[in-house]
Amino acid sequence: MSRALRISSRLVSLMRLRAETAVSGHPQREAPLRFAIAGYYGFGNVGDEAILASLVADLRLEYPGARFEIIGADYHRTLGGEDIRYVLWDDWQAVIQAVTTCDLLIVGGGGLFNSYLGYSPESLLVASRHFGAFTFSLPQLAYVLGKPCCLCAVGASHFDSPEALRHARLAVRLATICTVRDEATKRILDDGLRPPVQIRVTADPAFRLENANLPPSSPFAGIDSSMVAVALRNWSFSNQPGPWEGEIRRALGQFAARHGFRLLFIPFQSTQDLPYDLGRDIAIIERVRSVLQDQASCHVLEGVFTPSQISAVLAQCGMVVAMRLHAAILAVRNAVPFVALGYDKKVRHVLARCGLERFVVELEGLRAESLLHALESVYLEREAVRDELRKAGARMRRAAYDNMRAIARALGCRQREQKLPPTVVAALKELLLKQTLLLAERDRRLARVDPEAAAHRTALRRLISQGNLEDALHHLEMVLAVAPEDPEFLYLKAFCLHSLDRDLFLAGELYGRALSNGFDPYWVYAHRGQLNLKLQRWHEAIEDLEKACRDDRAPPVLFELLDQARAHVRRTPEESTSLPCES
């Protein structure tokens, strides 16, 4: 072929590519792009759902016709559409299939790279209930399968295990591209090896969330700038309330009374099966709200809402008190003056990225006077603060869009192009060998247990029916040691603890695990509903008992318990709200 012909052929190819990219900015494909997006999604957390909604909205604009497989939980899903399919995070085979068939694995965003309640390194690259190990496994899985992986706007702040930090840094090394939401995360995840790992600071995708149009009817009627939105969370790693709860209550009460504000408490998460009620915001809201003097000016926004609706509610309020990171982020997004409670380093990290660190009041050692002073300062300068937040919000929205550019680059290459340091290669080989040996040992144990499983179940049912719950618990400890995710064994242990009135929070977690692993939902809802009644989790009890009562097997006593829970909520002021949710 002559040189002129080759040049002509090249020009034709370039013109064709330009025509293909004229509409969407990306080459057209015969098959739609497939994205697998993994994160803390479906767990009923408003912040993480805001991240997911923003990511998918931008991806839909950038890649029309794309398909999305969301790897997460199924407690509370806020995103739908024909292009969306959910994959349970603890169904490891389904996760492998999703990564195998995708064009790009996106992990994040959100504070996924942390370890608070212990770490389980043996849970890497296997089906488990340890979400941290699961998250760190995903870039390794993509690397093994030859799929590009983008760690997208992830956050890191706390590691209670050196091994967890080592595995987090290994995940960053193996990812094709990594973006983080703040400078502190970049410093934490940088392993300091040569060649240096490439980590780009962008911003949390939730800064780009679009607000919903709220109807002027219930449950949104009456929400206006005379309200202070309050987002509180449990942050006591024990079964006792934190000493700061009383300080928050005093400051809120005095501030609202001084300026005639009404308080609107907004739960940002309602997951039941996290330890110490860490995912159940209504618990601390009930404790704080129930002892405030002016009950008539205190309201709770109850119900299931999309993050866009929550953001729109915050936009209508006069101020925000944020003990949830994404309550602060959405306050910035909507230019609503706020004070953030620094319950975790991530709050200061993200707001420092925005240039708004001065609005953080540390939770440790909190005094009502310091919180009240911060609220008064923001209130007095509220117009100047609004202007500052508008500028910061615009900067963060632009920075968050850099995540789309990172995704585009990740799609253009199969894996990270730079050579891995020898120490990282050695760590990866050591990890794979260790996990292979662990799987072999697990298979050996299961081979011994499986033939006896029917006998174990029969023996346990007999012990429980005879009332020998202590013996049943001892038996369950032995069988769960070798079959830790068996749904019936998990359910039976929860039932025994519940019946013995022992370690009730663990019983609730075990009921949830049994349900996730496939145990009969009726029995879980029926008994967890009764457990929630015992724990005075009235709204969760109603939710579970309503589900159980839809089953034909439900006896009259369950309907009576449901009526009692509803009656309690109706007659007890701290359990009701003047802003009811439509059923």
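Refer to the structure printed above.
These numbers were taken from a predicted model, which means no experiment stands behind them. (Residues numbered from 1 in each chain as written. Predicted model: local features only at pLDDT ≥ 70, side-chain atom pairs only at ≥ 80, totals over all residues. Heavy atoms only, no water.)

### Overview of the sheet that holds strand 11 (residues 319–322)
So, step 1. An order of 10-9-8-11-12-13 is seen for the six strands of this open sheet, with the pairing classed as parallel. Only two strands of the sheet have a single neighbouring strand rather than two, namely strand 10 (298–300) and strand 13 (360–362). Strand-to-strand twist in this sheet, taken as the mean axis angle between neighbours without regard to direction, amounts to 20°.
So, step 2. For strand 11 and strand 12 (residues 338–342), the ladder comprises three bridges, and the chain directions are parallel. What sits directly across from Val-321, in strand 12, is Val-339.
So, step 3. The sheet strands contacting helix 8 (residues 281–290) are strand 9 (262–265) and strand 10, and the helix crosses strand 10 at an angle near 165°. (Pairing = 2+ DSSP bridges. Helix = DSSP H or I, 4+ residues; strand = E, 2+ residues; numbered from the N terminus. Axes fitted to C-alpha atoms, helices over the stretch in contact; angles between N-to-C directions. Contact = heavy atoms within 4.5 Å.)

### Section: helix 19 (residues 521–534)
So, step 1. Taking 1.5 Å per residue, 14 residues should reach 20 Å; helix 19 reaches 20 Å between its end C-alpha atoms and fits that length.
So, step 2. Of all 14 residues in helix 19, ten are buried, a share of seventy percent or more.
So, step 3. Turning to helix 19, its buried residues number three or more, namely Tyr-522, Val-524, Tyr-525, Ala-526, His-527, Arg-528, Gly-529, Leu-531, Asn-532 and Leu-533.
So, step 4. In this fold, the buried residues of helix 19 make contact with helix 17 (487–499), helix 18 (504–516), helix 20 (538–549) and helix 21 (556–571).
So, step 5. The opening residue of helix 19, the one whose side-chain oxygen lies 3.0 Å from the backbone nitrogen of Tyr-522, is Asp-520. (Expected span 1.5 Å × (residues − 1). Buried < 20%, exposed > 50% of the residue type's maximum accessible area, 1.4 Å probe, protein only. Polar contact = N/O pair within 3.5 Å; in protein donor to acceptor, adjacent residues only side chain to side chain.)

### As for the side chain of Thr-202
So, step 1. With respect to the helices and strands, the residue Thr-202 is situated in the loop between strand 7 (199–201) and strand 8 (227–231).
So, step 2. Take Thr-202: its relative accessible area is 0%, and that puts it in the buried class.
So, step 3. Side-chain polar atoms of Thr-202 contact the side chain of Asn-403, separated by 2.7 Å.
So, step 4. Those residues in contact with Thr-202, other than ones at most four positions away along the chain, are Ala-153, Thr-179, Val-180, Arg-181, Arg-353, Ala-399, Asp-402 and Asn-403.

### Some details on the sheet that holds strand 7
So, step 1. Pairing in this open sheet of seven strands is parallel, and the strands run 3-2-1-4-5-6-7 from one edge to the other. Every other strand in the sheet has two partners, leaving strand 3 (84–88) and strand 7 as the edge strands with one partner each. Strand-to-strand twist of the sheet, defined as the mean angle between neighbouring strand axes without regard to direction, takes the value 25°.
So, step 2. Two strands pair when backbone bridges link them, and strand 6 (residues 177–180) and strand 7 are joined in this way by three bridges, in the parallel orientation. By the bridge assignment, Thr-179 is partnered in strand 7 with Arg-200.

### A closer look at the packing of aromatic side chains
So, step 1. Considering all chains together, one arrives at 22 aromatic pairs under this definition.
So, step 2. Aromatic pair Phe-220 and Phe-305: ring centres 5.5 Å apart, planes at 55°, arrangement tilted. Within this pair, whereas Phe-220 is found in the loop between strand 7 and strand 8, its partner Phe-305 is found in the loop between strand 10 and helix 9 (307–316), the two being separated by 85 residues in sequence. In terms of burial, Phe-220 and Phe-305 fall into one category: buried.
So, step 3. Ring geometry for Phe-338 against Phe-359: centres 5.3 Å apart, planes inclined by 40°, an arrangement best described as tilted. Taken together, the residues span a long stretch of sequence, with Phe-338 in strand 12 and Phe-359 in the loop between helix 11 (345–353) and strand 13 at a distance of 21 residues.
So, step 4. Look at Phe-338 and you get buried, because its relative accessible area is 0%. (Phe/Tyr/Trp six-rings, centres within 6.5 Å; stacked < 30°, edge-to-face > 60°.)

### Overview of the environment of Ile-407
So, step 1. Tracing the sequence through the fold places Ile-407 in helix 13 (residues 382–411).
So, step 2. The sequence separation of Ile-407 and Cys-152 amounts to 255 residues, and the corresponding C-alpha distance is 8.1 Å.
So, step 3. When near neighbours in sequence (up to four residues on either side) are disregarded, Ile-407 contacts Phe-35, Leu-59, Tyr-63, Leu-104, Ile-106 and Cys-150.

### Re unusual backbone geometry
So, step 1. The peptide bond linking Gly-108 to Gly-109 adopts the cis configuration, its omega dihedral lying at 5°.
So, step 2. When you line up the elements, Gly-109 lands in strand 4 (residues 104–115).
So, step 3. Positive phi is not limited to glycine here, since Ala-153 has a value of about 55°.
So, step 4. A residue is classified by how much of its surface remains accessible, and Ala-153, at 0% relative accessible area, is buried.
So, step 5. Non-glycine residue Ala-335 carries a positive phi angle of around 55°.
So, step 6. Mapped onto the secondary structure, Ala-335 falls in the loop between helix 10 (325–333) and strand 12.

### Some thoughts on the state of the cysteines
Here, disulfide denotes a covalent bond that connects the sulfur atoms of two cysteines.
So, step 1. Enumeration over the complete set of coordinates arrives at zero disulfides.
So, step 2. Free of any disulfide, Cys-150 has its nearest neighbouring cysteine sulfur in Cys-152, separated by 5.0 Å. (Disulfide = S-S within 2.5 Å.)

### Details of the environment of Leu-535
So, step 1. Considering the arrangement of structural elements, one finds Leu-535 in the loop between helix 19 and helix 20.
So, step 2. Considering only alpha carbons, one finds Leu-535 and Leu-504, 31 residues apart in sequence, at a separation of 7.9 Å.
So, step 3. Not counting residues within four places of it along the chain, the set of residues in contact with Leu-535 comprises Leu-504 and Phe-505.

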